[in-house]
Amino acid sequence: MTAPPLTLCLWYNADAEAAARFYAATFPDSSLDAIHRAPGDFPGGAAGTVLTVEFTVLGAPCIGLNGGPQFPHTEAFSFQVATDTQEETDRYWNAIVGNGGAESACGWCKDKWGLNWQITPRVLSAGMSDPDPDVRARVFAAMMTMRKIDHAAIEAAAKGN
């Protein structure tokens, strides 16, 4: 099998396999593809320890590297997931936050492994790119009051209600 031209490498403390299993169970077009174990002892680990995990999240190929605690995830990197309905937004948000994650602002949340997610309804993206600057301002102001994005509130803001 030929490697894809781009693969995201995500650093985990020691639980890349658990994260990959969660993502595969949570998002469509996602899977746990391979687990690679260390062929010998290494600093911080022993032979047979899960070293890397190949997985796919929403069609994007990823490698999870169990590299230790030196480099935790930050908001400088996030997955942005576009959603079409409030139910879809709620499902992803609740899965991440309800599995040991944490809420943040403006549609952002963090999973229990520290990876950041933006659960972004398409209605929000449309409002933020509307040609009318007043619509953009209202949508932005509404978004700034939210944690999980409320589709109906964004639509109302776009309409000026």
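Presented here is an overview of the structure given in this document. (Residues numbered from 1 in each chain as written. Predicted model: local features only at pLDDT ≥ 70, side-chain atom pairs only at ≥ 80, totals over all residues. Heavy atoms only, no water.)

### Some points on the state of the cysteines
Summed over the entire model, instances satisfying the criterion amount to zero disulfides. In this structure Cys62 is not part of a disulfide, and its nearest cysteine sulfur, from Cys9, lies 9.3 Å away. With a relative accessible area of 2%, Cys62 lands in the buried category. (Disulfide = S-S within 2.5 Å. Buried < 20%, exposed > 50% of the residue type's maximum accessible area, 1.4 Å probe, protein only.)

### Section: helix α1 (residues 16-26)
When we look at burial in α1, the residues that qualify are Ala16, Ala19, Ala20, Phe22, Tyr23 and Thr26. Down the axis of α1, the buried set is contained in an arc of 160 degrees. They therefore lie on one face. Each element contacted by the buried residues of α1 is listed here: β1 (8-12), β2 (31-37), β3 (50-57), β4 (60-66), α2 (86-98) and β8 (116-121). (Helix = DSSP H or I, 4+ residues; strand = E, 2+ residues; numbered from the N terminus. Arc of directions from axis to C-beta. Contact = heavy atoms within 4.5 Å.)

### Some thoughts on the pattern of salt bridges
Opposite charge on two side chains allows them to pair when their charged atoms are near. Inspection of every chain in the model, using the stated rule, returns five salt bridges. The shortest N-O distance in the salt bridge between Asp84 and Arg122 comes to 2.5 Å. Note that Asp84 is positioned in the loop between β5 (78-83) and α2 and Arg122 in helix α3 (residues 122-128), a separation of 38 residues in sequence. A relative accessible area of 52% places Asp84 in the exposed class. By relative accessible area, which is 46% here, Arg122 ends up partly exposed. Where Lys148 meets Asp90, a salt bridge forms, and the shortest distance between an N and an O atom there is 3.1 Å. Separated by 58 residues along the polypeptide, Lys148 in the loop between α4 (133-143) and α5 (151-159) and Asp90 in helix α2 bring together distant segments of the chain. Residue class for Lys148 comes out partly exposed when judged on its relative accessible area of 28%. (Salt bridge = Lys/Arg side-chain N within 4 Å of Asp/Glu carboxyl O.)

### Quick word on the packing of aromatic side chains
Taken as a whole and assessed by the stated rule, the structure comprises ten aromatic pairs. Judged by centre distance (5.6 Å) and plane angle (50 degrees), the ring pair of Phe22 and Trp113 falls under tilted. One end of the pair, Phe22, is in helix α1; the other, Trp113, is in the loop between β7 (108-110) and β8, and 91 residues separate them in sequence. A single burial state applies to Phe22 and to Trp113, both of which are buried. Ring geometry for Tyr23 and Phe55: centres 5.8 Å apart, planes at 40 degrees, overall tilted. (Phe/Tyr/Trp six-rings, centres within 6.5 Å; stacked < 30°, edge-to-face > 60°.)

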